[in-house]
Amino acid sequence: MTVYTKTWKKKKKAVTDSKNAYESLSATQTKQISQAKNYQATITTAQSNIQAINDSLAYYYKSEKTKGKNGKTTTKKVKVKRKTPAKPSKTQQAKLAEYQAQAKSASSKLSTLKKSPSYKKASSKLKKAKSTAKQSKAAYDKYMKKRHATALKRVAQQRQENYKRFMAPHASLHATNSLTGLEVFLFATDESETNDSTATTYPIDKDDPVVDHVQRTAKTITINGYLYDQKAGKHLWSGTKDDVSGSGLPNKSCRQQYNNLKKWQFDGTELVYKSNAANDVGKRVMNKIYYKVDCKFNPNFWTNLSA
């Protein structure tokens, strides 16, 4: 069961290559793209400042009092248009002239820059790279979502196969973001969990300390159980589907399954643990479910493993 299949590598490479496209621009092209952004920013800022001065000449603010349903009076400022626009002061005239000159100069430089062959080539290349990156990312996300859904479907069907072969109590572990449908089963002879919280307190002059707030600590699940040899199950679907094998239950020894657990632990894989150890198995459901479990097993657990 390979996570990094040929299809995954191909789609991941497409995403990486499209992200690196911008870096392939020459130093001159990169500088021109940056200059164009700066010119446009200057134009936008100058136009915004001009608009702000013109608004101050065409409008004014006055305070209005309104009485709410609760009887309280509130005051708010209301923008009112002048009948005749006010004349700009000398300072405002100077500022308007300055901003207009900035906008005109930046517009001229931007127009000249955009006409250059080097900029046109860089702009076209960048536009194409962004479009390719967007498409590649969308294709990769769609592939991963579909593959994960199929992997979880395989997990569920393997659980059904496992139930038909062995009676409870049993439990299972699989990766939260599984892309292969790999699942490890075990007989959980007993389980226990901690549900502790840390209460923050502070002392007062008289009486007992006061509790400020309570924070839940990480839950610890302790499991004693047995691994058992698995024989190959029936095919869930022919070949592969959405890059997930349909081979059903894997033909694995206890040692191989033990190695799967160790790899999850080594990689820091987030797991989902499901168990029906608490109730009768007549319902054929995993009634105890823990999401986002870190694979951290202690030696006491391993001594209870048995074929």
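See the structure printed just above.
In short, a report on the structure. (Residues numbered from 1 in each chain as written. Predicted model: local features only at pLDDT ≥ 70, side-chain atom pairs only at ≥ 80, totals over all residues. Heavy atoms only, no water.)

**Remarks on the overall build of the protein chain**
And step 1. Of the regular secondary structure elements, the protein chain holds six helices and eleven strands.
And step 2. Considering only contacts within the protein chain whose residues lie at least 6 apart along the sequence, 66% involve residues at least 24 apart. (Helix = DSSP H or I, 4+ residues; strand = E, 2+ residues; numbered from the N terminus. Contact = heavy atoms within 4.5 Å.)

**Some details on the nonpolar core**
And step 1. Residues L173, L186, A188, L227, L261, W264 and Y273 are the most contacted members of the largest nonpolar core, which totals 15 residues.
And step 2. Of all the secondary structure elements, the ones that give two or more residues to this core are β3 (171–175), β4 (183–193), α5 (254–267) and β10 (270–275).
And step 3. Considering each element in turn, this core owes the most residues, four residues, to α5.
And step 4. One finds I33, I43, L113 and L126 within the second-largest nonpolar core, a separate group that totals ten residues. (Core = buried A, V, L, I, M, F, W, Y, C linked by side-chain atoms within 4.5 Å. Buried < 20%, exposed > 50% of the residue type's maximum accessible area, 1.4 Å probe, protein only.)

**Quick look at helix α1 (residues 6–19)**
And step 1. With 14 residues, α1 ought to run about 20 Å at 1.5 Å a step, and its terminal C-alpha atoms sit 20 Å apart, in line with that.
And step 2. Buried residues along α1 sit against α4 (117–165). (Expected span 1.5 Å × (residues − 1).)

**With respect to the pairing of strand β1 (residues 59–67)**
And step 1. Bridge count for β1 against strand β2 (residues 73–81) is nine bridges, and the pairing is antiparallel. Across the sheet, residue E64 finds its bridge partner in β2, namely K76.
And step 2. Counting the residues that bridge the hairpin from β1 to β2 gives five residues, and of these G71 lies at a positive phi of roughly 90°. (Pairing = 2+ DSSP bridges.)

**Quick notes on helix α2 (residues 27–58)**
And step 1. Its 32 residues place the ends of α2 47 Å apart at the C-alpha level, agreeing with the 46 Å of an ideal helix rising 1.5 Å per residue.
And step 2. Residues of α2 that are buried include every one of Q29, Q32, I33, A36, I43, A46, I50, I53, L57 and A58, and no others.
And step 3. Summarising the contacts, the buried residues of α2 are in contact with β1, β2, α3 (90–115) and α4.

**Section: the pairing of β10**
And step 1. Of all six residues that make up β10, five are buried, and the element is covered over most of its length.
And step 2. With five bridges connecting them, β3 and β10 associate as antiparallel partners. When the sheet's bridge partners are listed, A171 is paired in β10 with S275.

**Some points on the pattern of salt bridges**
And step 1. Overall, the coordinates contain six salt bridges when judged by the stated rule.
And step 2. The salt bridge partner of K137 is D141, with a shortest N-O separation of 2.8 Å. Here the residue K137 and the residue D141 both occupy positions in helix α4, the gap between them amounting to four residues, near one helical turn.
And step 3. D141 gets classed as partly exposed once you look at its relative accessible area, which sits at 35%.
And step 4. One salt bridge in this structure joins R159 and E183, with 3.1 Å as the shortest N-O distance. In this pair, R159 sits in helix α4 while E183 sits in strand β4, placing the two residues 24 residues apart along the sequence. (Salt bridge = Lys/Arg side-chain N within 4 Å of Asp/Glu carboxyl O.)

**Structural notes on unusual backbone geometry**
And step 1. A positive phi angle, near 55°, is found at D242, a position not held by glycine.
And step 2. Within the secondary structure, D242 sits in the loop between β8 (240–241) and β9 (244–245).
And step 3. Notably, D243 is not glycine yet its phi reads approximately 70°, a positive angle.
And step 4. Along the chain, the position of D243 falls in the loop between β8 and β9.
And step 5. Looking at D243, the relative accessible area reads 21%, which means it is partly exposed.

**With respect to the packing of α2 against α4**
And step 1. Interhelical geometry of α2 versus α4 gives an angle of 85° and a closest axis separation of 9 Å. With respect to α4, the axis of α2 lies roughly perpendicular. Of the residues in α4, those touching α2 at T28, Q29, Q32, I33 and A36 are S118, Y119, K121, A122, S123 and L126.
And step 2. Tallied by class, residues from the contact of α2 with α4 come to five nonpolar, five polar and one charged. (Axes fitted to C-alpha atoms, helices over the stretch in contact; angles between N-to-C directions. Parallel < 35°, antiparallel > 145°, perpendicular 65-115°, else oblique. Nonpolar A, V, L, I, M, F, W, Y, C, P; charged D, E, K, R; others polar.)

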